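Here is what each chain is made of, one letter per residue.
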Amino acid sequence: MFSGVLKKMTSIHDDPVRYILDFDNDLLFLNQVIGKKIKFHKTGYCCLSCFENLQIFANGFCKKCFFESPLSGEWVMKPELSKAHLKIEDRDISYEKKVQLQNHIVYLSKTSGIKVGVTRSNNMTTRWIDQGAIEAVVLIEVPNRYLAGIAEVKLKDKFSDKTNWRKMLTSNIDEADIKNEKKIAIDSLGSEFQDYFKNDSKVLKFNYQIDKLIDSVKSISLKKSDDVEGKLIGIKGQYLIFDDSSVFNVRSNEGYVVDISISD
Ligand SMILES: [Zn+2]
């Protein structure tokens, strides 16, 4: 039995991608659980910011922390709202400087279709695995989050910034050639971003361990139910895929305290 606060799965870019649930005193290597039954039983909450046993509101935070913690400022989801480069505080300027004023990339990834996104340079592989990308390529690298956000906004005319998770999990994936799409994206960015182009970046590929393909999905969560269980048949993105076509997004269930049991 494993017990602890649920946080997003840690991943290793191997072939296939390997996933780990990292608890304080224990590691659960999830690829080894594929083919077995796994059960999550909710025993409480632990907000990822204040660590109190308060109902989770969103993203692993209680309601107060979601609206007040520097970790969940609006610039997290909308990088173009970043203001640390102007020395303007949103919620905590020292935290915002630390996170925003470092190298970021703008990338294309193939999840369901081709999407555009932003992440810190030192986080890109993790980001791509978390979204279930099968291919990804860097477009530009810039010195702060704001510039990356501006470039992303410019590309949203041509590229989605969302993953269709149902298509991603049913492997109903567009055939588009990511190298061609990169050329289109670089042209769209234009001379304004010329100094930041990563022309030599290679396409990274990701392979996920899925024993059986499913053609429809239904989402299950600890918000709706105290127990989530099923026979695990694969893992992709932050999703555990069960043989009855239900899927469990580990990241969306962050902050729940759980007991986990595994059986044949
Ligand atoms: Zn809290």
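Values in this document were obtained by computation on a predicted structure and should not be read as measured data.

### Overview of the pattern of salt bridges
Consideration 1: Within this structure, the stated rule accounts for 13 salt bridges.
Consideration 2: Salt-bridge contacts for Lys78 lead to Glu74; the nearest nitrogen and oxygen are separated by 3.8 Å.
Consideration 3: Taking relative accessible area as the criterion, Lys78 reaches 40% and is therefore assigned partly exposed.
Consideration 4: In this structure, the salt-bridge partner of Asp130 is Arg251, at a minimum N-O distance of 3.7 Å. Highlighted residues: Asp130 in helix α4 (residues 124-130) and Arg251 in the loop between β13 (246-249) and β14 (256-263), separated in sequence by 121 residues.
Consideration 5: Since its relative accessible area comes to 9%, Asp130 is described here as buried.
Consideration 6: For Arg251, a relative accessible area of 37% puts it in the partly exposed group.
Consideration 7: Overlapping salt bridges bring together Lys8, Asp130 and Arg251 as one network.

### Some remarks on the domain arrangement of the chain
Consideration 1: Domain parsing of the chain yields domain 1 (2-67 + 211-263) and domain 2 (73-205).
Consideration 2: With centres defined by C-alpha atoms, the gap from domain 1 to domain 2 works out at 25 Å.
Consideration 3: Listed by partner, the interface residues are 23 residues for domain 1 and 18 residues for domain 2.
Consideration 4: Taking both sides of the interface into account, the surface hidden between domain 1 and domain 2 amounts to around 1500 Å²; carbon and sulfur atoms contribute 57%.

### Concerning the sheet that holds strand β5 (residues 37-45)
Consideration 1: Sheet architecture is open: seven strands sit in the order β1-β14-β5-β11-β12-β13-β10, paired in mixed fashion. Strands at the two margins of the open sheet, each flanked by one partner only, are β1 (2-5) and β10 (218-220). Averaged over all adjacent pairs, the angle separating strand axes in this sheet is 40°, with direction ignored.
Consideration 2: Relative to β14, β1 runs antiparallel, the two being bridged by four bridges. Within the sheet, the bridge partner assigned to Gly4 lies in β14 and is Val258.

### Observations regarding the nonpolar core
Among soluble globular proteins, nonpolar side chains are generally buried collectively.
Consideration 1: Within the largest apolar cluster, 34 residues are counted, with the highest numbers of intra-cluster contacts made by Leu21, Phe40 and Leu240.
Consideration 2: Of all elements in the fold, only β3 (18-23), β5, β6 (104-110), α4, β8 (135-142), β11 (227-236), β12 (239-242) and β14 reach the threshold of two or more residues within this core.
Consideration 3: Residues from two domains meet in this core; each of domain 1 (2-67 + 211-263) and domain 2 (73-205) gives at least three.
Consideration 4: One finds Leu108, Val116, Leu155 and Phe197 within the second-largest nonpolar core, a separate group that totals 19 residues.

### Section: helix α3 (residues 93-100)
Residues that lie three or four places apart on an α-helix share one face, since the helix turns once every 3.6 residues.
Consideration 1: When α3 is considered as a whole, its buried residues turn out to be Glu96, Val99 and Gln100. Projected down its long axis, α3 shows its buried positions confined to an angular sector of 85°, all on one face. What points out from α3, more than 90 degrees from its buried face, is the exposed set Ser94 and Lys98.
Consideration 2: Where the residues of α3 are buried, they touch α2 (74-77), β6, β7 (114-120) and α5 (145-155).

### Observations regarding the coordination of the zinc ion
Angles between donor atoms at a metal ideally measure 109.5 degrees for a four-coordinate tetrahedral arrangement and either 90 or 180 degrees for a six-coordinate octahedral one.
Consideration 1: Around the zinc ion, the protein contributes the donor atoms Cys47 (SG), Cys50 (SG), Cys62 (SG) and Cys65 (SG), which lie 2.3 to 2.4 Å from the metal centre.
Consideration 2: Taking the relative accessible area as the measure of exposure, Cys62 reaches 4% and is therefore buried.

About the thresholds
- Residues numbered from 1 in each chain as written.
- Predicted model: local features only at pLDDT ≥ 70, side-chain atom pairs only at ≥ 80, totals over all residues.
- Heavy atoms only, no water.
- Salt bridge = Lys/Arg side-chain N within 4 Å of Asp/Glu carboxyl O.
- Buried < 20%, exposed > 50% of the residue type's maximum accessible area, 1.4 Å probe, protein only.
- Helix = DSSP H or I, 4+ residues; strand = E, 2+ residues; numbered from the N terminus.
- Domains from an automatic or database assignment.
- Contact = heavy atoms within 4.5 Å.
- Buried area = accessible area lost by both parts, 1.4 Å probe.
- Pairing = 2+ DSSP bridges.
- Axes fitted to C-alpha atoms, helices over the stretch in contact; angles between N-to-C directions.
- Core = buried A, V, L, I, M, F, W, Y, C linked by side-chain atoms within 4.5 Å.
- Arc of directions from axis to C-beta.
- Donors = N, O, S within 2.8 Å, 3.2 Å for Na, K, Ca; no water.

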